[in-house]
Amino acid sequence: MLAERAEANIFGVLSEKFGLYTGYANTDSEKNKSIYIVSRKKPADYFSGTVIAVVTFKDGEEKQIVAYDGEVFYEPELMEILSVLKNVVIEKIKCLYEKSCGAVIFYKGRQNNVNLLLVKNSNGRYWSFPKGHIEMNETEQETAVREIKEETNLDVEICGNFREISEYCPFGKIRKRVVFFLARAFTDNVKIQESEIDSYIWVDIQQARKLCTYDNDLRIIDKAETAIHLMK
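### Some thoughts on the packing of aromatic side chains
By the definition in use, this model includes five aromatic pairs. Taking 6.0 Å as the distance between ring centres and 55° as the angle between the ring planes, the aromatic pair formed by Tyr 107 and Trp 202 counts as tilted. Taken together, the positions of Tyr 107 in strand 7 (residues 97-108) and Trp 202 in strand 13 (residues 197-204) put the pair 95 residues apart, joining distant regions of the chain. Take Tyr 107 and Trp 202: they sit in the same class, and that class is buried. A cation sits over an aromatic face here: Lys 63 above Tyr 36, 4.6 Å from the ring centre.

See the structure below:
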């Protein structure tokens, strides 16, 4: 259902302000299916788009959400748009696009040696950096700082203009974007959130390169090393 092509037509307007409409669509798996349409511009009466989310209501009803090709909506924005619906309770929403924010966290010891913090999440098998899903009305940096605090109990300072993006498809059709900042910790005393993080390790940059296996992570480590060395 997610990522399916959809030939959609508009039926009614739920909110022009939020860009929410009702309609019908033909997809590869279903014909003349009742849908929601979201758009940042007034959509044409008929258009080709993509199923970007499936919302499940408390009564068990499921409804697909279709958007124009190229229009990306993440869960917080979709939940805000759907808040205009009356007399319904949303049980869950599954989105094609996911966005997380985190940081490459570094700590300078007494001899000015630089270590990076790597974590393994509770269902992962690889080392990476702390991160988590963005929430409604948060900035990217606010998300990163909150997630770091929740997962590691570290208070950090976001450094400079460092902002690197990692994009990949972790679960089949899901398209994930992760925004990484560079953050300085003032202690290496970590207390992990056991429900989210399995383990952690402080390592120097060379060891971080050996432990991280994904090209995106290795690219970000290289960029972080340069940025750290340029700091006064």
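There's more to say after this.
### Quick notes on the pairing of strand 1 (residues 5-15)
Residues in a regular strand point their side chains to alternate faces of the sheet. As paired strands, strand 1 and strand 4 (residues 46-57) are joined by five bridges and run antiparallel to one another. The residue bridging Arg 5 from the neighbouring strand is Thr 50, located in strand 4. With eight bridges connecting them, strand 1 and strand 2 (residues 20-27) associate as antiparallel partners. When the bridges of strand 2 are listed, Ser 15 appears paired with Leu 20. Counting the residues that bridge the hairpin from strand 1 to strand 2 gives four residues, and of these Gly 19 lies at a positive phi of roughly 70°.

### Observations concerning the nonpolar core
Core analysis: the largest hydrophobic core is formed by 22 residues, its most contacted members being Tyr 36, Val 38, Ile 52, Ile 65, Leu 78, Leu 82 and Ile 93. Elements with a minimum of two residues in this core: strand 3 (33-38), strand 4, strand 5 (62-68), helix 1 (75-82) and strand 6 (90-95). Among the elements that take part in this core, strand 4 stands out by supplying five residues, more than any other. What Ile 65 contacts, discounting residues up to four positions off in sequence, is Tyr 36, Val 38, Thr 50, Val 51, Ile 52, Ala 53, Leu 78, Leu 82 and Ile 93. Core analysis: the second largest hydrophobic core is formed by 20 residues, Phe 106, Phe 162, Leu 182 and Ile 228 among them.

Definitions and limits used
- Residues numbered from 1 in each chain as written.
- Predicted model: local features only at pLDDT ≥ 70, side-chain atom pairs only at ≥ 80, totals over all residues.
- Heavy atoms only, no water.
- Phe/Tyr/Trp six-rings, centres within 6.5 Å; stacked < 30°, edge-to-face > 60°.
- Helix = DSSP H or I, 4+ residues; strand = E, 2+ residues; numbered from the N terminus.
- Buried < 20%, exposed > 50% of the residue type's maximum accessible area, 1.4 Å probe, protein only.
- Lys NZ or Arg CZ within 6 Å of the ring centre and 35° of its normal.
- Pairing = 2+ DSSP bridges.
- Core = buried A, V, L, I, M, F, W, Y, C linked by side-chain atoms within 4.5 Å.
- Contact = heavy atoms within 4.5 Å.

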